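Given next are the chains, with one letter for each unit.
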Amino acid sequence: MTLQTYLGIDLGTSELKVLLMDQQGAALGSASAPLAISQPHAGWSEQDPASWVHAMVAACAIVRQQYRAQYAAVRGMGLSGQMHGATLLDKNNAVLRPCMLWNDTRSVQECSDLSRACPQLQEITGNLAMPGFTAPKLQWLRQHEPEIFAQTAKVLLPKDYLRMHLTGDYVSDMSDAAGTLWLDVARRDWSDAMLAATGLSRQHMPRLVEGSDVSGHLSADAASQLGLAAGLPVAGGAGDNAASAIGLGIISPGDGFLSLGTSGVIFLATEKFAPNPANAVHAFCHALPNAWHQMAVMLSAASCLRWATQLTGSTDETTLLQAVEQLTASERANAPLFLPYLSGERTPHNDADASGVLMGLRQSHHAAHLGYAVIEGVGFGLLDGMNALRQAGGHTEQLQLVGGGSKSALWAQLLADILDIKIATYKVSSVGAALGAARLGQLAAEGADAASVARICTQHAIERVFVPNAAAHSTLMLRYERFKALYTTLKPTFTAHAPAIV
């Protein structure tokens, strides 16, 4: 059989990752390149789009050097990327300003303005207007940088800027476009009403395709730069979470995963558009045709454990978790409560001003108590999200656990007990968005009929299943009720103590 491989490019926030996959779906190798984030003012988070191209070229060069024959056999490519970022181009494709990223929160006021300007916003988009989304960022630009807004000819999401570099085409996929607040998510088309609310039109938007469709072909210049064959099909790709779902085989209604990374995500595949914007549930298109998904998103998850490790002076996160394991049941029940809102919160509160809180500290508490409080508080935040998904009709029997936090058996069992649901972990590590992008590249190259989707988008062998303990769940729910009451009590004070947004 002729060697055929596929390339997945995942543009994250802190790094760009490239993964090479064989025709049977096995990851052959990968490489990454770091990305810098600029935060010139409180609430601002920006990145230079040129750095994405440099990182892609650098990561591809590493994979090419290490896997020459396999790299030369690439037959298709797919893209995944951080969602919501606003990349602005003029009529000559010049970048007008640094990209405003998903975690840029300067557009709080513009979210309120958009909701008033377009009362049907939630019905069209299936989501609340949040500062993380793209449309409020353009509304902020319109108000605060009108000269830049006037020059804007195209607005591209981060991975779609890479696509333009690769193919010369302005294209986005349904899953990533659903995170802009400009997409009619049920109809899978741009909404003229939402575009008009931000002073834009379809001319400013890229063409839309499904994630498994061919979006364009690798140009001669880009092929030369990456050491690939010109004309390779480039798949529509997906936003990072939808791409991760493709990599995990989460494609059928009832399938779901929990990502315990810097942020926390519960992702449920659905057969129809099922929004619950009142509780800040995200309802987006999936990366495959006629499929949707729901997401509950918390802004700080495993990053809370990193924060606690630094705060307590622990050697590393593993050492802190080992100390937590030594706590007795009584010590855990009397640990402080932790609100995990170190970066504000999305689901279910949509509260950019919410902050982290440790409540109930005593002189007897030490690092292990704080470590436990933090992983428990993240679990309670995820339960808030899971309950919001359930209110929107979401249901699953088991969640696949991925991300850096998935390496901790202690945390996995605690999540099973808190969520009262089975938690499964994998034997393999390459199950992220880059693998999903490569799978979409294979579908674009070979055809995305139902049989091909079933063959390519398979689930991985499970290493372990953590089953919820009924007694532990009951005990934890007593602390969860106090957790919820604590947020309600403190919410009025958060705004007064929030940092000023320039």
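Before reading on, note that the structure itself is shown above.
Residues numbered from 1 in each chain as written. Predicted model: local features only at pLDDT ≥ 70, side-chain atom pairs only at ≥ 80, totals over all residues. Heavy atoms only, no water.

1. Let's talk about unusual backbone geometry
Argument step 1. A cis amide bond, omega 0°, links T347 with the succeeding residue P348.
Argument step 2. Examined against the element boundaries, P348 turns out to sit in the loop between β20 (337–339) and β21 (357–359).
Argument step 3. Of note, N93 is a non-glycine position whose phi angle comes to about 70°, a positive value.
Argument step 4. Along the chain, N93 turns up in the loop between β6 (87–89) and β7 (99–100).
Argument step 5. You will see that L181, though not glycine, has its phi angle at about 75°, which is positive. (Helix = DSSP H or I, 4+ residues; strand = E, 2+ residues; numbered from the N terminus.)

2. Here we look at the nonpolar core
Argument step 1. Counting residues in hydrophobic clusters, the biggest one holds 54 residues, and the most contacted among them are L258, L260, L382, L399, L419 and I423.
Argument step 2. By residue number, the principal contributor to this core is helix α15 (residues 367–391), which donates 12 residues.
Argument step 3. The residues contacting L419, other than those within four sequence positions of it, are L258, G379, L382, L383, M386, R390 and L399.
Argument step 4. By size, the runner-up hydrophobic cluster in this structure holds 53 residues, among which are L138, V265, A269 and A280. (Core = buried A, V, L, I, M, F, W, Y, C linked by side-chain atoms within 4.5 Å. Buried < 20%, exposed > 50% of the residue type's maximum accessible area, 1.4 Å probe, protein only. Contact = heavy atoms within 4.5 Å.)

3. A closer look at the packing of helix α13 (residues 317–325) against α15
Argument step 1. Orientation of α13 relative to α15, taken along the N-to-C sense of each, is 95°, at an axis distance of 8 Å. If you check the angle between α13 and α15, you find them roughly perpendicular. For the pair formed by α13 and α15, the contact residues are L320, L321, A323 and V324 on the first element and A367, A368, G371, Y372 and I375 on the second. (Axes fitted to C-alpha atoms, helices over the stretch in contact; angles between N-to-C directions. Parallel < 35°, antiparallel > 145°, perpendicular 65-115°, else oblique.)

4. Description of the packing of helix α3 (residues 108–117) against helix α5 (residues 134–144)
Argument step 1. As a packed pair, α3 and α5 sit with axes 9 Å apart at the nearest point and diverge in direction by 105°. If you check the angle between α3 and α5, you find them roughly perpendicular. Residues E110, C111 and L114 of α3 lie in contact with α5, whose contacting residues are A135, P136, Q139, W140, Q143 and H144.
Argument step 2. By residue class, the composition of the contact of α3 with α5 is five nonpolar, three polar and one charged. (Nonpolar A, V, L, I, M, F, W, Y, C, P; charged D, E, K, R; others polar.)

5. Section: the sheet that holds strand β16 (residues 256–260)
Argument step 1. What the seven strands build is an open sheet, ordered β18-β19-β17-β16-β22-β23-β24; its pairing is mixed. Unpaired on one side and paired on the other, β18 (282–285) and β24 (462–466) mark the two borders of the sheet. Recorded for the sheet is a direction-independent mean angle of 25° between the axes of neighbouring strands. (Pairing = 2+ DSSP bridges.)

On their own, these measurements won't tell you what the molecule is for.
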